[in-house]
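Remarks on the overall topology
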Amino acid sequence: MKSAESTGALSAPLNISFDYTRSLGPTLSQFMTALKSRRILAARGSDGRVHAPPFEYDPVTAEPAGELTEVGPEGTVISWTWASEPLEGQPLDKPFGWALIRLDGADTAFLHAVDIERPALRTGLRVRPRWAAEPSGHIRDIECFEAAAGEPPAAGRPAAADGAGDAGEVTMITTPVALGYQHFASPTETSHLRGLGEGRMVGQRCPSCRKVYIPPRGACPTCGVPTDEDVELPDTGIVTTFCVVNVPFAGQKVKPPYVAASVLIDGADIAFQHLVLGCDADEVHMGMRVRAAWKPREEWGVTMENVSHFEPTGEADAPYESYSHHL
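Residues numbered from 1 in each chain as written. Predicted model: local features only at pLDDT ≥ 70, side-chain atom pairs only at ≥ 80, totals over all residues. Heavy atoms only, no water.

Here we look at the overall build of the chain
Within the chain, the regular secondary structure consists of two helices and 19 strands. Scaling as 2.2 N^0.38, a compact globule of 327 residues should have a C-alpha radius of gyration of about 20 Å, whereas the chain reaches 29 Å, well beyond that. In terms of principal-axis extent, the alpha carbons of the chain reach across some 80 × 50 × 40 Å. By residue count, 39% of the 327 residues in the chain fall in the buried class. A separation of at least 24 residues holds for 60% of the contacts in the chain among residues at least 6 apart in sequence. When the accessible surface of the chain is split by element, carbon and sulfur atoms take 52% of a total near 17600 Å². Looking at charge distribution, the chain has the averaged site of its 28 positive side-chain charges lying 5 Å from that of its 43 negative ones. (Helix = DSSP H or I, 4+ residues; strand = E, 2+ residues; numbered from the N terminus. Rg over C-alpha atoms; globule rule 2.2 N^0.38 Å. Buried < 20%, exposed > 50% of the residue type's maximum accessible area, 1.4 Å probe, protein only. Contact = heavy atoms within 4.5 Å. Areas by Shrake-Rupley, 256 points an atom, 1.4 Å probe, with all protein chains shown as cover. Lys, Arg positive; Asp, Glu negative; His and termini not counted. Charge placed at Lys NZ, Arg CZ, Asp CG, Glu CD.)

A short note on the pattern of salt bridges
For the coordinates displayed, the defined rule picks out 15 salt bridges. A salt bridge links E146 to R130, with the shortest nitrogen-to-oxygen separation between them at 3.0 Å. Taken together, the residues span a long stretch of sequence, with E146 in strand β10 (residues 142-147) and R130 in strand β9 (residues 126-131) at a distance of 16 residues. Counted as one network, the salt bridges with shared partners bring together K94, D115, R128, R130 and E146. (Salt bridge = Lys/Arg side-chain N within 4 Å of Asp/Glu carboxyl O.)

Remarks on the pairing of strand β18 (residues 289-294)
By the bridge criterion, three bridges tie strand β15 (residues 236-245) to β18 in an arrangement that is antiparallel. In the sheet register, T236 faces β18, and the bridge partner there is R291. As paired strands, β18 and strand β19 (residues 307-312) are joined by five bridges and run antiparallel to one another. Opposite A293, over in β19, you have H309 as the bridge partner. (Pairing = 2+ DSSP bridges.)

Here's what the structure looks like:
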């Protein structure tokens, strides 16, 4: 983290990302399979309207979609907005339009990107899809839409035409999901993080009930009053509860099996989660006394990652009564 000049608070960019995988079900499976063959399918509702993309359940009757019908692939822009500064992960890496497009034969709008110069984008513009070179059965098989020119391409283009992919049924899709934002630490969080940068455990005490929280909460969750008194604590504590992780997953830094435990630092009134290593996973137990294993000093920052993990001290277990009310 770095300091915000005006307040002295710490800030850092945080990025969260994962691949979201879902099964499609009977309706969206047909829709994605058709996209792989460069065709767009829609569902006809009980009121006669044609919905593109297709609904899974009729918005009027809530009944499952019936037989799908082909629409487009050309359409008409009915509403739009301009993206002058595209974000990472968006369909195009240059300024483009987001548009609601009513495909030929449909009654509802299809949201997608339009690759066009800003002055040419308008309501009523005729557009057609630009297909991915290697369709895979995903909404991104339509790279974007572009202005239609000349005769419209024929609907129902066969799977092998113009490099279209194999029309095998698509039943699953994986979509990357990402969120990036700038986090500004509160004054109490900043105090805690600066302490970690100096190899110290710093919590805060409630002025009313005198409970000590680490990491600090800014306000006592029991009394609801601000906490403003720093309390330096040791780097030793007690395992209260724990979980043995046996399942591998993407991005995992420790080879299973290993233990993620709630560690109650001596003198604190709330536990926090961290790794417990330095012994076999089946040796970890409630009441085990542990100590922070700090990374080499040259690797420290203002982060809890300065503590690589906790490991057993070899001391006698803490009595159950000493931590039972912190479970």
